[in-house]
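Chain by chain, the residues run as shown.
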Amino acid sequence: MTRGKFITLEGGEGVGKSTNMAFIKNYLFQHKISVVVTREPGGTVLAEKLRQLLLDKNSEVISDQAELLMVFAARAQHIKHVIEPALAKGEWVLCDRFTDSTYAYQGGGRNMRISAIEWLENMVQGALRPDLTLLLDAPVEIGIERARSRAEFDRFESEKICFFEQVRRAYLLQAELHPDRIKLIKANQPLIDVQRALIEIIGTFLR
Ligand code: T5A
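S.K.: A description of the site of the ligand should follow, citing residues and the corresponding values.
M.R.: The local shell around the ligand holds 28 residues, among which K17, S18, T19, T102 and R150 are the closest. One of the backbone nitrogen or oxygen atoms of G16 is found 2.9 Å away from an oxygen atom of the ligand. Here an oxygen atom of the ligand sits 3.1 Å away from a polar atom, N or O, in the side chain of R75. For the ligand, whose accessible area on its own is 1,000 Å², the fraction buried by protein is 84%.

Below, the structure written as structure tokens:
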């Protein structure tokens, strides 16, 4: 059985990840590829509970260390119960956020030590890394404005602009460090152009 492919979608707040997940799923479906669509933090019952705790802006103050460990605890469950079984069965997995989010938010945004993130990444994931990461990038104000128009802010979205600038810089650094895996897409263009760029990259990946 050929192992499935693991595709992740990344980017700051409101850049269009959720909007484009469905689009990518349909595109793959048209190419007769069935995908398991999932998200982080989340994807299992326990991981979704951790997500609720992480996003709850009325929770007690969550320390940066606790936040990092919660993100990886959710990921450990997600990998064991959803991602690995699907890939092993030959199914593809399309995931809204994965460990690049941790490098961006906990590493960039919270200034957590990158070596600690790397250590947890290796411990929790073993050799598992995405085969392709689509990074939607837009100026912070645009993403925040879009997110604001859609729903009430959660705990992360309530952060200051400088936090999101650090997140964006960390994402761009990840793209520089992993140019073969991470493909950058300008998200501050009309949706149709974003989707055209996505098709071009995924089309090349499928060949
Ligand atoms: N987190 C997560 C960590 O800190 N560490 C981790 O390791 C992980 C995995 C999860 C939070 O958890 C944090 C980061 C996050 O803060 P989330 O809900 O997954 O939260 O992430 P959000 O970024 O908050 O998701 P959003 O739904 O807010 O943003 P999306 O999905 O990027 O944006 P989307 O698709 O909902 O679009 C927002 C609006 O913009 C419009 C859409 O129609 C929508 O109204 N839009 C466009 N408008 C014009 N032009 C375009 N090109 C557009 N694209 C979308």
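Once you've had a look at it, read on.
S.K.: Pulling in residues and values, what's your account of helix α1 (residues 17–30)?
M.R.: Under the 1.5 Å per step criterion, the end-to-end length of α1 is 20 Å for 14 residues, consistent within 8% with the ideal 20 Å. Looking at α1, one finds that the buried residues are K17, N20, M21, I24, Y27 and L28. Buried residues along α1 cover an arc of 135 degrees about the axis, so they all sit on one side. What points out from α1, more than 90 degrees from its buried face, is the exposed set S18, F29 and Q30. Where α1 is buried, its residues meet β1 (6–11), β2 (35–39), β3 (92–96), β4 (132–137) and α8 (191–206). Count one or two residues on from α1 and you reach K32, which has phi positive near 60 degrees.

S.K.: Outline the packing of aromatic side chains, supporting the account with residue identities and numerical values.
M.R.: Counted according to the given criterion, the structure contains six aromatic pairs. With 6.0 Å between their ring centres and 80 degrees between their planes, W92 and F205 make a pair best called edge-to-face. Of this pair, W92 sits in strand β3 while F205 sits in helix α8; the two residues are 113 residues apart in sequence, bridging distant segments of the chain. A relative accessible area of 24% means that F205 is categorised as partly exposed. Three or more aromatic residues link up through ring pairs in this structure, and these residues are Y105, F156, F163, F164 and Y171. Cation over ring: R75 sits above F72, and NZ or CZ is 4.8 Å from the ring centre.

S.K.: I'd like a description of unusual backbone geometry, backed by residues and values.
M.R.: For the bond from E40 to P41, the omega torsion is -10 degrees, close enough to zero to count as cis. Relative to the elements of secondary structure, P41 occurs in the loop between β2 and α2 (45–55). Positive phi, normally seen in glycine, also occurs at K32, with a value near 60 degrees. Mapped onto the elements of the fold, K32 is located in the loop between α1 and β2. Accessibility expressed as a relative area gives 77% for K32, which makes it exposed. Even without glycine at this site, R97 takes up a positive phi of about 75 degrees. Topologically, R97 is positioned in the loop between β3 and α4 (99–109). The class for R97 is buried, based on a relative accessible area of 13%.

Reading the values: the criteria
Residues numbered from 1 in each chain as written. Predicted model: local features only at pLDDT ≥ 70, side-chain atom pairs only at ≥ 80, totals over all residues. Heavy atoms only, no water. Near = heavy atom within 4 Å. Polar contact = N/O pair within 3.5 Å; in protein donor to acceptor, adjacent residues only side chain to side chain. Areas by Shrake-Rupley, 256 points an atom, 1.4 Å probe, with all protein chains shown as cover. Helix = DSSP H or I, 4+ residues; strand = E, 2+ residues; numbered from the N terminus. Expected span 1.5 Å × (residues − 1). Buried < 20%, exposed > 50% of the residue type's maximum accessible area, 1.4 Å probe, protein only. Arc of directions from axis to C-beta. Contact = heavy atoms within 4.5 Å. Phe/Tyr/Trp six-rings, centres within 6.5 Å; stacked < 30°, edge-to-face > 60°. Lys NZ or Arg CZ within 6 Å of the ring centre and 35° of its normal.

Function-wise, these values are silent; they only describe arrangement.
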